[in-house]
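Close look at the chain arrangement
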Amino acid sequence: MRRDQLEHAIRTACQIIERSEVIVVGSQSILGTFAEDQLPEDATMSIEVDILPIAEDNAETVRLAHLIEGMAGEFSPFEELHGYSIDGVDLETSVLPEGWRDRLVKVQNTNTAAPSGDPQFTGWCLNAEDLCVAKLCALREKDQNFVAALLKAGLVDAGVLAGRLTTLPPQHQVATERALEWLRTWD
């Protein structure tokens, strides 16, 4: 995936749910911090953008996520036309460290705006380390490859990841311990 595709996905998701802002929580949120030519291949392989609608409560977030999924999700005409999909997700999708909202990376430019230039839509992307924490909590093979590629490229710091992992809520203790163990042995 490329940055311009991420920007297009942000604009599309905002238009579908009639909101001015969304949060990008999946692996493609890395494109908020780095251009695709700065990233290892394992960091841009996904052809889906995970969008978390911003809403008053999780029930409304789920409703809006379903709208996105229905209009631009996997196997949709949107995916057929553009070669990637937009997955609507809710607050339960990712395990994120304390303070993650304060570190979001703003993506807003002419490509995230409506064709007329107004309104300007905004995508808030996870900070690279917060994204890696979420990936380490999931710890699927593709998540491990993603984080390892960013660590090898020097784009994220293992010490920062370890520190943020310790700020996860107590109900994620098992995921935290598993992620910390992976970090100790990743290379």
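Note: the structure precedes this text.
Now for a description of the structure that goes with this document. (Residues numbered from 1 in each chain as written. Predicted model: local features only at pLDDT ≥ 70, side-chain atom pairs only at ≥ 80, totals over all residues. Heavy atoms only, no water.)

As for the sheet that holds strand β4 (residues 105-107)
The five strands are arranged β3-β2-β1-β5-β4 in an open sheet whose pairing can be described as mixed. Bordering the open sheet on either side are β3 (85-88) and β4, each of which pairs with just one other strand. On average, each strand axis in the sheet is inclined to that of its neighbour by 35 degrees, with strand direction left out of account. Relative to strand β2 (residues 48-53), strand β1 (residues 21-24) runs antiparallel, the two sharing three bridges. Each bridged residue has a counterpart across the sheet, and for I23 the counterpart in β2 is L52. Contacting β1, β2, β3, β4 and β5 (122-125), helix α1 (residues 3-17) runs over the sheet at an angle of about 135 degrees to β1. Its contacts with the sheet put helix α2 (residues 58-72) on β2 and β3, and the angle it makes with β3 is roughly 160 degrees. (Pairing = 2+ DSSP bridges. Helix = DSSP H or I, 4+ residues; strand = E, 2+ residues; numbered from the N terminus. Axes fitted to C-alpha atoms, helices over the stretch in contact; angles between N-to-C directions. Contact = heavy atoms within 4.5 Å.)

Digging into helix α7 (residues 173-185)
Between the first and last C-alpha of α7 there are 19 Å, a value that for 13 residues agrees with the 18 Å anticipated at 1.5 Å per step. Within α7 the residues assigned to the buried category are A175, T176, A179, L180, W182 and L183. End-on view of α7: buried residues confined to an arc of 160 degrees, all on one side of the axis. Seen from the buried face of α7, the exposed residues on the opposite side, beyond 90 degrees, are V174 and R184. (Expected span 1.5 Å × (residues − 1). Buried < 20%, exposed > 50% of the residue type's maximum accessible area, 1.4 Å probe, protein only. Arc of directions from axis to C-beta.)

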